[in-house]
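These are the residues of each chain, in order.
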Amino acid sequence: MKALEITGLSKIYKTKKAGVVNALSDLNLVISSGEVFGFLGPNGAGKSTTIKAIMGLIKPSKGDALIAGVPASDPHSRLNIGYLPENPSFYDFLTGREYLYFIGTSFHMADNLLKSRTNEVLDKMELSLAADRPIRGYSKGMVQRLGLAQALLHDPEIYILDEPMSGLDPLGRALVKNLIKELKAHGKTIFFSTHITADVEAVCDRVGIIVNGELRAVDKVESILEKGITGYNIHVRTGGDISLFSGFDFTERDSGILEFYTSRALFKQFMEIVVHANCEVDLVEPVRKNIESFFLELVEKR
Amino acid sequence: MFTNLYQLNLKWIIRDRVLQALVGVALLLLVLVPAFSVLSMRQVQELSITLSLSFISFVLALLAILLGASSVWRDIEKRYTSAVLTLPYSRGSYLLGKFFAIAVCLVCSAAIFTLVAAVAISFSSGLYQSSLPIRWLHIFTAVAFDVLKYVLLVAIAILFSSISTSFFLPIFGTISLLLAGNASQEVFEYLTKDSVGVKTAKPLLYAAKGIYYLIPNLGAFNFKVSAIYPVALSSQGVIYTLLYFLVYTTIILYLAVYFFSRREFP
Ligand SMILES: Nc1ncnc2c1ncn2[C@@H]1O[C@H](COP(=O)(O)OP(=O)(O)O)[C@@H](O)[C@H]1O
Ligand SMILES: [Mg+2]
């Protein structure tokens, strides 16, 4: 099942001040059901533009987006989506609970269910104490958490979150990461944008990297990490004879442990020596470039 | 579905400080009507009716312009649109929810004002006996058509809001049309009078006619004269105005939804 299908999506903004801005060029992307997809890119890359086109806020200059098979231009396509806008802002004359009531009824939720779900999501987002205060008095982080609460309320299958961790303190960020993992465990699809590589590494199955409106790479997070392995740190307990290991760098630790580094290419050769010398291996640790360096390379490449 | 948006907007209106202040001012003015009316010495009852109707009309106009012009603009300005237009509503329901909430608010305010005005008028007329009876039905009709006039104005304000990003076009566009719409009938009649019509250049006359049919004929909604003086209420006038209101408002709302549906909210 395809949760999201984006075909040839392009957006050109025409403004008096900035002139013509190519915000997004020919984006093709398929997100399957149950997947956590990180949309990673620097500021101004076109992440929000993509999400706004999916949510029907802007019309693509070219191409289209399907949400569970329904065109984004049809309001019904949004029935099964929980959406968190970038830097959200909600009717501030309502209380948090009243706002959630409005959202729940907008998604046709029955009254009983709506009441219990409201308490559930308020609790989950740690807003129970503020629930009956007007949103006008909420801090930025509280509004962000209310944004997540309203996206969760109707228990949709697909989540589209524009920078869900922004504006949150470290506790809040951890909360969101756990939330995403929990949703994934329940088989939900999550498409979220971010400019922070660590967030992608922590929770995503797949990542798409967008720079200047162009999708530069799409891959499994696992395989990026695997491809990024440059070598290994190996801790070996030798019987004393280290002549066999000539040619390999090492530092000697106390208690007779030698700490080697081998490049990826020489790893096999090294392990053969280990077997041959009948040594004991304490630790094998891959040394790798993280998503961040992968990301930085892609951004810098023209 | 649509009732959610309608209720949401009613909540906004009721909790709006400006609105609360306006209603307060209106009620204060109406309470003071007897005091103003005795100043006229003889025509206390006539003056009390005139004043009451004018106060009501004035405050309804302010309400219509402020609420009509600010409702969409405020949502855009405060970026509520990104949250509410991404719910499974059509753009049309969003606009109509606003329109009906404001319309209902005008009707309810007018009903309260009329009630207070009725007390004020009765009290005033008791102060100095008039030779004329108070014709309540005519007074209520006058208020009712005033309400319709301002509901139409709300539709116009929403049409302006649906194409504009700023506050200026909705506010000043609506005020301009209110002024022009009230005067259009007289200007048109003057220009097409035989003695003037001959002298007026033909193209100008056509332009004037075009504008006359385009801008709302708000003068037609004025039934105040028969509420104050012993003038008969024309049932034909009532029916035509009602039809005019329905057709004109529908067209305006249709256009508003058409433009708003094509709009982008980046
Ligand atoms: N309304 C707009 N008018 C003109 N240019 C815009 C508008 N919105 C966004 N842009 C431009 O489009 C590009 C992509 O923006 P955006 O999608 O918001 O980036 P991101 O969310 O990845 O930070 C940027 O260069 C931005 O300046
Ligand atoms: Mg963005």
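Further up the page is the structure itself.
These numbers were taken from a predicted model, which means no experiment stands behind them. (Residues numbered from 1 in each chain as written. Chains lettered and ligands numbered in written order. Predicted model: local features only at pLDDT ≥ 70, side-chain atom pairs only at ≥ 80, totals over all residues. Heavy atoms only, no water.)

(A) Examining the coordination of the magnesium ion (ligand 2) more closely. Residue and element names in this part refer to chain A. Ser-48 (OG) and Glu-86 (OE) make up the full set of protein donors to the magnesium ion (ligand 2), lying at 2.1 to 2.3 Å. Remark: Glu-86 occurs in the loop between strand E6 (81–84) and helix H2 (96–106) and Ser-48 occurs in helix H1 (residues 47–54); sequence separation between them is 38 residues. Residue Ser-48 is classed as buried on the basis of its relative accessible area of 14%. Take Glu-86: its relative accessible area is 30%, and that puts it in the partly exposed class. (Donors = N, O, S within 2.8 Å, 3.2 Å for Na, K, Ca; no water. Helix = DSSP H or I, 4+ residues; strand = E, 2+ residues; numbered from the N terminus. Buried < 20%, exposed > 50% of the residue type's maximum accessible area, 1.4 Å probe, protein only.)

(B) Focus on the interface of chain A and chain B. Each partner contributes residues to the interface: chain A has 29 residues there, and chain B has 30 residues. Sorting the residues of chain A by area buried against chain B places A:Leu57, A:Tyr91 and A:Phe93 first, and these three jointly supply 27% of that buried surface. At the boundary of chain A and chain B, one finds three salt bridges. Joining chain A to chain B, the criterion identifies 17 residue pairs in polar contact (both at pLDDT 80 or more). Elements supplying a minimum of two residues to the side of chain A that touches chain B: strand E1 (2–15) and H2 of chain A. The greatest single-element share of the side of chain A that touches chain B, amounting to six residues, is contributed by H2(A). Taken together, the residues of the side of chain A that touches chain B break down into 16 nonpolar, six polar and seven charged. (Contact = heavy atoms within 4.5 Å. Buried area = accessible area lost by both parts, 1.4 Å probe. Salt bridge = Lys/Arg side-chain N within 4 Å of Asp/Glu carboxyl O. Polar contact = N/O pair within 3.5 Å; in protein donor to acceptor, adjacent residues only side chain to side chain. Nonpolar A, V, L, I, M, F, W, Y, C, P; charged D, E, K, R; others polar.)

(C) Spatial organisation of the sheet that holds strand E13 (residues 257–263) of chain A. All names here are of chain A. Across the sheet, four strands lie side by side as E12-E13-E11-E14; this open sheet has antiparallel pairing. Strand pairing shows two members of the sheet lacking a second neighbour, strand E12 (249–252) and strand E14 (280–288), which therefore form its edges. Strand after strand, the sheet turns through a mean of 20 degrees between neighbouring axes, direction not considered. Taken together, the seven bridges between strand E11 (residues 229–237) and E13 define a ladder with antiparallel strand orientation. Paired with Arg-237 across the bridge in E13 is Ile-257. Here helix H8 (residues 267–276) sits on the sheet in contact with E11, E13 and E14, set at roughly 10 degrees to E11. (Pairing = 2+ DSSP bridges. Axes fitted to C-alpha atoms, helices over the stretch in contact; angles between N-to-C directions.)

(D) Molecular detail of the packing of aromatic side chains. All told, the structure shown has 23 aromatic pairs over all chains when counted by the stated rule. On the basis of an interplanar angle of 40 degrees and a centroid distance of 4.9 Å, the ring pair of A:Phe90 and A:Tyr99 is categorised as tilted. The class of A:Phe90 is buried, set by a relative accessible area of 2%. Among the aromatic residues, ring-to-ring pairing joins A:Phe90, A:Tyr91, A:Phe93, A:Tyr99, A:Phe102, B:Tyr80 and B:Tyr89 into one connected group. Over the aromatic face of B:Trp12 sits the side chain of B:Arg74, whose NZ or CZ is 4.0 Å from the ring centroid. (Phe/Tyr/Trp six-rings, centres within 6.5 Å; stacked < 30°, edge-to-face > 60°. Lys NZ or Arg CZ within 6 Å of the ring centre and 35° of its normal.)

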